[in-house]
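Residue-level structural notes
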Amino acid sequence: PDDLEESWDDEFQKLLQTSPKDRSLAGLDLYFYQGFWFKSRVLKAVISFQEHLRPFDSDVIIATVPKCGTTWLKALTFSVLCRNQFASDENHPLLTFGPHQLVRFLEYDLYYNNPSPDLENDCVYRPRIFSTHVPYSFLPTSIKDSGCKIVFACRNPMDMFISLWFFQNNIIVENAVPLSLDEAFDKFCHGIYEFGPFFDQVLGYWKACQENPDKILFLQYEDLKEDINSHIRNLAVFLGVPFTEEEEEQGVVEEIAKICSFESLKEVEMNKKGMHASGIPNSVFFRKAKVGDWSNYLTPSMVERLEKLIQEKLGDSGLTL
Ligand code: A3P
């Protein structure tokens, strides 16, 4: 009903007007809502899926901090879960489609233009896999209370910041004055970027995972880089689809690692030339994929500041980044 929609629009506008406002690293307006920073359209989509999403117990949610390996985790989760739904590796959907097409974002894709999209017809493969960058506190209770599993990934914040810095510079809005690395770093340390602050987001999932390790798998980019095969096996066990002995003998794990590797994915035509629906070229999701690249950019005083912040924020949480 149009009336309802209009009154919801009014309410949303009021919400924006009363929320603290700032700018993203790419020059876009951000709003501070319930402890985190959002672009207005994205926040609207988040509120929509909080209200309307009715997950199946079999659904899988990939929840990530931006720039911490979302693209990789989408490819891996899809390849593990849907491994028997295509005839052979030559027909692997990742050779034709980008990871962001096979696993869509709740807030950037599915609910971006539509408060109640037809998820049934949108997902070709089963089980359904959705992705999101929202903090744990923003996940709808329908997800928290259902049987669906959540795979979370984060990364060392120094590498995450450098990845974000390059990404944002790639998508900078017209006429926006690019921030210097210093300015961008200061914003990052204050948590002012889309879905920031970093530590609040990471700790939200960390605590939830401690309380419910069967529901949330907590992954770190560096660990995946160090031993991808073991993590693919763990992921399969966590998702309830462990590899059979026969699959192990056939080298299915190694094959998944290869297809999802940075080197393979970045050469796929769709990832080189294609575009995400938001107008972002797929190629910007593939940069260097190195651990420790921050050391080429951050000054000693930046490193000191962030190290202090890491210590202060993680405290005795038991998490090391
Ligand atoms: P860098 O900018 O450090 O290179 P996200 O997918 O969450 O946006 O994260 C992007 C980061 O993951 C980028 O890091 C990107 O290069 C890296 N990445 C993308 N695909 C990857 C893959 N298949 N394996 C490992 N890293 C990958």
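What counts and what doesn't
- Residues numbered from 1 in each chain as written.
- Predicted model: local features only at pLDDT ≥ 70, side-chain atom pairs only at ≥ 80, totals over all residues.
- Heavy atoms only, no water.
- UniProt positions renumbered as here; feature names shortened; annotations may be inferred.
- Buried < 20%, exposed > 50% of the residue type's maximum accessible area, 1.4 Å probe, protein only.
- Helix = DSSP H or I, 4+ residues; strand = E, 2+ residues; numbered from the N terminus.
- Pairing = 2+ DSSP bridges.
- Phe/Tyr/Trp six-rings, centres within 6.5 Å; stacked < 30°, edge-to-face > 60°.
- Lys NZ or Arg CZ within 6 Å of the ring centre and 35° of its normal.
- Polar contact = N/O pair within 3.5 Å; in protein donor to acceptor, adjacent residues only side chain to side chain.
- Contact = heavy atoms within 4.5 Å.
- Core = buried A, V, L, I, M, F, W, Y, C linked by side-chain atoms within 4.5 Å.
- 1 Å grid on protein atoms, 1.4 Å probe; cavity = no way out; pocket = protein on both sides within 12 Å on 5 of 7 lines; lining within 4 Å.
- Points joined across faces, edges and corners; volume = space filled by probe spheres on them.
- Nonpolar A, V, L, I, M, F, W, Y, C, P; charged D, E, K, R; others polar.

If you look the protein chain up in an unreviewed UniProt entry, it shows as Sulfotransferase from Hibiscus sabdariffa. UniProt, in the comment section headed Sequence similarities (unreviewed entry), describes the protein chain in these words: "Belongs to the sulfotransferase 1 family."

The next point concerns the pairing of strand β8 (residues 216-220). Extensive coverage of β8 is indicated by the burial of five of its five residues. Sheet topology note: the strand β7 (residues 149-154)/β8 ladder contains five bridges and is parallel. Paired with Phe152 across the bridge in β8 is Phe218.

A few words now on the packing of aromatic side chains. Taken as a whole and assessed by the stated rule, the structure comprises 24 aromatic pairs. Where Phe167 meets Phe285, the ring centres are 5.4 Å apart and the plane angle is 50°; that geometry is what we call tilted. Note that Phe167 is positioned in helix α8 (residues 157-170) and Phe285 in the loop between α16 (269-273) and α17 (300-314), a separation of 118 residues in sequence. On the accessibility criterion, Phe167 (10% relative accessible area) is buried. Taking 6.3 Å as the distance between ring centres and 40° as the angle between the ring planes, the aromatic pair formed by Phe262 and Phe286 counts as tilted. With Phe262 in helix α15 (residues 262-265) and Phe286 in the loop between α16 and α17, the pair connects residues that are 24 residues apart, well separated along the chain. Among the residues examined, Phe286 registers a relative accessible area of 14% and is labelled buried. Aromatic rings pair up to connect Tyr33, Phe36, Phe38, Phe105, Tyr108, Phe138 and Phe195 into one cluster. Taking NZ or CZ as reference, Lys74 lies 3.6 Å from the ring centre of Phe105, over its face.

Take Ser79: it is sitting in helix α3 (residues 70-81). For Ser79, a relative accessible area of 1% puts it in the buried group. Of the polar contacts made by the side chain of Ser79, one reaches the backbone oxygen of Ala75; its length is 2.8 Å. What Ser79 contacts, discounting residues up to four positions off in sequence, is His92, Leu94, Ile256 and Cys260.

Here we come to the sheet that holds β7. One open sheet accounts for five strands, arranged β5-β6-β4-β7-β8; its pairing is parallel. At either margin of the open sheet sits one strand with a lone partner, and together these are β5 (104-105) and β8. In this sheet, strand β6 (residues 129-132) lies alongside β5 in parallel orientation, the contact comprising two bridges. When the bridges of β6 are listed, Arg104 appears paired with Phe130.

Turning our attention to the nonpolar core. Grouped together as the largest cluster of nonpolar side chains are 66 residues, with contacts concentrated most on Val65, Phe161, Phe198 and Phe218. Counting residues in hydrophobic clusters, the runner-up holds 42 residues, among them Phe78, Val80, Phe238 and Val253.

Over the atoms, a rolled probe matching the size of one water molecule traces out where space is still vacant. Counted as a void, the largest pocket has a volume near 1,000 Å³. Surrounding the largest pocket, 46 residues form its lining, Lys67, Thr71, Phe167, Val284 and Phe285 being those nearest its centre. When contributions to the lining of the largest pocket are tallied by element, the ones reaching two or more residues are α3, α8, α11 (221-226) and α15. A total of six residues in the lining of the largest pocket trace back to one element, the largest contributor, which is α8. Across the lining of the largest pocket, the residue classes tally to 25 nonpolar, 13 polar and eight charged.

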